[in-house]
Amino acid sequence: MDPLAPLDRALAHARSWISSLGRRPVRPAASLESLQRAFGGPLPDRGEDPTEVLDLLAQAGEPGLMATAGPRFFGFVIGGSQPVALAADWMTSAWDQNCGLYVLSPTVAVLEETAGRWLNGLFGLPVDAGVGFVTGGQMANFTCLASARYALLGRAGWDVSEQGLFGAPEIHVVVGEEVHVTVLRSLRFLGLGQARVKRVPADAQGRMDPDALGPVLAGCNGPTLVCVQAGNVNTGAVDPMEPLIAAAHAHGAWVHVDGAFGLWGAATPSRRALLQGVEKADSWAVDAHKWLNVPYDSGVAIVREEEVLRHAMGSSASYLVRSTGLRDGVDFVPEFSRRGRGTPVYAALRALGRRGVEGLVDRCCALARRFAEGLGRAPGVQVLNEVVLNQVLVRFEPPGGGDADAFTREVITRVQAEGTCWLGGSLWKGRDVMRISVSGWNTTEEDVDRSVSAILRCARGA
Ligand SMILES: Cc1ncc(COP(=O)(O)O)c(C=O)c1O
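**Considerations on the overall build of the protein chain**
So, point 1. When you go through the protein chain residue by residue, the secondary structure sums to 14 helices and 11 strands.
So, point 2. Over its C-alpha trace the protein chain gives a radius of gyration of 23 Å, about what one expects of a compact globule, namely 23 Å for 462 residues.
So, point 3. Taken along its principal axes, the extent of the C-alpha atoms in the protein chain is 65 × 65 × 45 Å.
So, point 4. A separation of at least 24 residues holds for 72% of the contacts in the protein chain among residues at least 6 apart in sequence.
So, point 5. As presented, the protein chain carries roughly 19,900 Å² of accessible surface, and 55% of it is formed by carbon and sulfur atoms.

See the structure below:
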């Protein structure tokens with residue numbers, strides 16, 4: 001038998017899955033029991049035919065998948081997969097490169113070097129900032145904050161890499177009231193603690209209040225880290241970068257931007273003003289698996305001073321063949337051995353070009369507004385946020401009056417079960433809301449209109 005036959009079978013299954021995305025109910029249909037029946041049981045003594053294993057994955061597995069890569073998935077903030085990025089991801093697996101060292105994969109080192117430079121250019125960041133390709137926004141935040149910790153303590157005469165945190169000067173950490181949980185989780189992992197942060201109040205859209213930052217900074221005596229946000233996970237709001245970064249820098253603080261999806265706004269002229277000044281920060285976290293529509297998992301950590309990133313991450317051992325002056329991947333990310341995660345990013349950027357990225361971001365923003373207009377026109381439906389990017393928050397009043405929180409939750413449950421589209425809920429300023437995120441390259445106006453109709457049908461109880 002041809003040992004490569006499973007590759008053809010996987011291609012056939014992938015084609016069939018992808019072409020079904022726009023037709024199938026978005027929600028998974030399989031029960032837990034049926035999935036456990038299909039996939040559970042003991043490890044077989046004798047191996048099975050590889051193509052039959054793939055058939056099992058497709059036949060029993062697909063009913064248990066969410067069509068997140070389809071055109072009517074609007075939950076969380078989840079992009080689909082542009083075919084070129086998906087294909088480059090397959091090549092990444094086929095190449096099977098270990099990208100920790102230049103010597104192990106000169107090709108991927110150059111692809112990542114170039115993709116990093118392109119990203120910095122797209123976002124208007126310093127073109128020579130250091131860029132690491134990590135698994136997502138969580139690890140991008142972690143990597144950037146590890147760099148911040150290294151630099152801040154270094155300035156205070158403390159080498160955190162050698163000495164750890166015991167006896168180190170205290171780092172004051174300032175975050176917005178609306179900080180994303182992955183920033184807090186990173187602080188936890190880094191020994192900076194998630195409960196001892198100082199929180200700055202936010203406005204009705206979730207933007208950090210620049211007037212409130214000054215008094216908080218005044219209480220920070222020593223190394224200070226300020227975490228701002230581009231793209232509130234609920235409203236899409238962007239913190240006012242210019243005044244926040246200026247105040248933080250005047251205090252000598254390191255400013256980190258969590259821009260998991262919102263930083264993509266800086267890549268298009270139509271949204272750039274929203275992020276004005278973002279390039280003055282010290283580090284930035286952004287996802288490629290969100291708005292760039294690269295398959296999971298793909299995030300990017302960017303640090304203004306590449307040397308700081310290299311020192312915070314790098315490692316050495318006698319058997320590591322180092323390449324002076326060349327890009328050893330291990331210096332840019334927490335991982336040691338890893339896949340060539342930058343390759344699909346490179347392919348997506350090259351296939352889209354600058355104009356294509358602008359179009360992708362602009363289209364999602366326009367479709368989010370279309371959602372807001374379509375739903376907001378209906379009686380009893382209220383759009384709660386200013387739709388500045390790709391996020392829409394909607395609340396539903398029960399037709400006969402009553403508990404709008406419970407009714408909003410009920411509408412979300414009905415929409416999820418109905419299957420035309422999928423979206424989730426959240427709490428916004430203490431009120432239940434439906435959360436819509438338009439992040440897919442393949443969503444059309446027709447998909448939005450169909451989804452609006454389905455949501456309104458569910459709200460009417462039909
Ligand atoms: C603002 C923000 N930061 C960080 C993250 C975490 O990103 P990831 O899920 O890629 O780790 C998200 C995810 O939605 C986010 O919206």
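**Here we look at the pairing of strand S2 (residues 172-176)**
So, point 1. With 5 of its 5 residues buried, S2 lies for the most part within the structure.
So, point 2. Burial of S2 is two-sided: the residues His172, Val174 and Gly176 facing one way and the residues Val173 and Val175 facing the other way are all buried.
So, point 3. Pairing of S2 with strand S4 (residues 224-229) involves 4 bridges; the strand directions are parallel. The residue bridging valine 173 from the neighbouring strand is leucine 225, located in S4.
So, point 4. Pairing analysis gives 3 bridges linking S2 to strand S3 (residues 198-200), with the strands arranged parallel. Residue pairing across strands places valine 174 opposite lysine 198, the latter belonging to S3.
So, point 5. Read as a crossover between parallel neighbours, the route from S2 over helix H8 (residues 181-189) to S3 is right-handed.

**Points about the site of the ligand**
So, point 1. Contacts to the ligand come from 14 residues, most closely from Gly137, Gln138, Asp258, Asp287 and His289.
So, point 2. The separation between a nitrogen atom of the ligand and a polar side-chain atom of aspartate 258 is 2.7 Å.
So, point 3. Separating an oxygen atom of the ligand from a side-chain N or O atom of lysine 290 is a distance of 3.0 Å.
So, point 4. Burial of the ligand by the protein amounts to 84% of the accessible area it has alone, namely 390 Å².

**Notes on the sheet that holds strand S11 (residues 431-437)**
So, point 1. If you trace the 4 strands from one edge of the open sheet to the other, you get S8-S9-S11-S10, paired in antiparallel fashion. Two strands bound the open sheet, and with one partner strand each, they are strand S8 (381-383) and strand S10 (424-428). If you compare each strand with its neighbour and ignore which way they point, the axes differ by 40° on average.
So, point 2. Alignment of S10 against S11, held across 5 bridges, turns out to be antiparallel. Looking at the pairing, tryptophan 428 lines up with arginine 431 of S11.

**Some thoughts on the packing of aromatic side chains**
So, point 1. Overall, the coordinates contain 6 aromatic pairs when judged by the stated rule.
So, point 2. Ring geometry for phenylalanine 76 against tryptophan 422: centres 6.0 Å apart, planes inclined by 20°, an arrangement best described as stacked. Placement of the pair is phenylalanine 76 in the loop between helix H3 (50-61) and helix H4 (83-95) and tryptophan 422 in the loop between helix H13 (404-418) and S10, with a sequence separation of 346 residues.
So, point 3. Among the residues examined, tryptophan 422 registers a relative accessible area of 13% and is labelled buried.
So, point 4. Put simply, the rings of Phe73, Phe76 and Trp422 pair up and form one aromatic cluster.
So, point 5. The ring of phenylalanine 332 is capped by arginine 327, whose NZ or CZ atom sits 3.9 Å from the centre of that ring.
So, point 6. Directly above the aromatic system of tryptophan 428 lies the positively charged group of lysine 429, at a separation of 5.1 Å from the ring centroid.

**Quick notes on the pattern of salt bridges**
Any two side chains of opposite charge can pair, so long as their charged atoms come close to each other.
So, point 1. Here the structure, examined in full by the defined rule, presents 23 salt bridges.
So, point 2. The salt bridge partner of glutamate 62 is arginine 24, with a shortest N-O separation of 3.8 Å. Of this pair, glutamate 62 sits in the loop between H3 and H4 while arginine 24 sits in the loop between helix H1 (5-20) and helix H2 (32-39); the two residues are 38 residues apart in sequence, bridging distant segments of the chain.
So, point 3. A residue is classified by how much of its surface remains accessible, and glutamate 62, at 15% relative accessible area, is buried.
So, point 4. Assessed through its relative accessible area of 22%, arginine 24 is described here as partly exposed.

**What to know about the environment of valine 226**
So, point 1. Secondary-structure assignment places valine 226 in strand S4.
So, point 2. Taking C-alpha positions, valine 226 is 9.5 Å from leucine 213, a pair spaced 13 residues apart along the chain.
So, point 3. Filtering out sequence-adjacent residues up to four positions away, valine 226 remains in contact with Val174, Leu217, Ala248, Ala253, Trp254, Val255 and His256.

**Focus: the sheet that holds strand S6 (residues 283-287)**
So, point 1. An order of S1-S7-S6-S5-S4-S2-S3 is seen for the 7 strands of this open sheet, with the pairing classed as mixed. Bordering the open sheet on either side are strand S1 (130-134) and S3, each of which pairs with just one other strand. Each adjacent strand pair in this sheet contributes to an overall mean axis angle of 20°, direction not counted.
So, point 2. Both S4 and strand S5 (residues 254-258) contribute to a ladder of 5 bridges, which runs parallel. Considered in S5, the bridge of cysteine 227 is made with histidine 256.

**As for the nonpolar core**
So, point 1. Grouped together as the largest cluster of nonpolar side chains are 83 residues, with contacts concentrated most on Trp264, Phe371, Met434, Ile436 and Ile455.
So, point 2. At 13 residues, the largest contribution of residues to this core is made by helix H12 (residues 342-376).
So, point 3. Those residues within four positions of phenylalanine 371 in sequence are excluded, and the remaining contacts are Phe74, Gly376, Val392, Ile436, Val438, Val448, Ser451, Val452 and Ile455.
So, point 4. Val134, Val173, Val308 and Phe332 belong to the second largest nonpolar core, which has 34 residues in total.

**Thoughts on unusual backbone geometry**
For residues that are not glycine, phi is negative in most cases, and the peptide bond is trans in most cases.
So, point 1. Residue aspartate 297 follows tyrosine 296 across a cis peptide bond; omega there is -5°.
So, point 2. Tracing the backbone shows aspartate 297 in the loop between S6 and strand S7 (299-303).
So, point 3. In the Ramachandran plot, lysine 429 falls in the positive-phi region, its phi being about 50° despite a non-glycine side chain.
So, point 4. Residue placement: lysine 429 occurs in the loop between S10 and S11.

About the thresholds
Residues numbered from 1 in each chain as written. Predicted model: local features only at pLDDT ≥ 70, side-chain atom pairs only at ≥ 80, totals over all residues. Heavy atoms only, no water. Helix = DSSP H or I, 4+ residues; strand = E, 2+ residues; numbered from the N terminus. Rg over C-alpha atoms; globule rule 2.2 N^0.38 Å. Contact = heavy atoms within 4.5 Å. Areas by Shrake-Rupley, 256 points an atom, 1.4 Å probe, with all protein chains shown as cover. Buried < 20%, exposed > 50% of the residue type's maximum accessible area, 1.4 Å probe, protein only. Pairing = 2+ DSSP bridges. Right-handed = clockwise from strand over helix to strand, strands pointing away. Near = heavy atom within 4 Å. Polar contact = N/O pair within 3.5 Å; in protein donor to acceptor, adjacent residues only side chain to side chain. Axes fitted to C-alpha atoms, helices over the stretch in contact; angles between N-to-C directions. Phe/Tyr/Trp six-rings, centres within 6.5 Å; stacked < 30°, edge-to-face > 60°. Lys NZ or Arg CZ within 6 Å of the ring centre and 35° of its normal. Salt bridge = Lys/Arg side-chain N within 4 Å of Asp/Glu carboxyl O. Core = buried A, V, L, I, M, F, W, Y, C linked by side-chain atoms within 4.5 Å.

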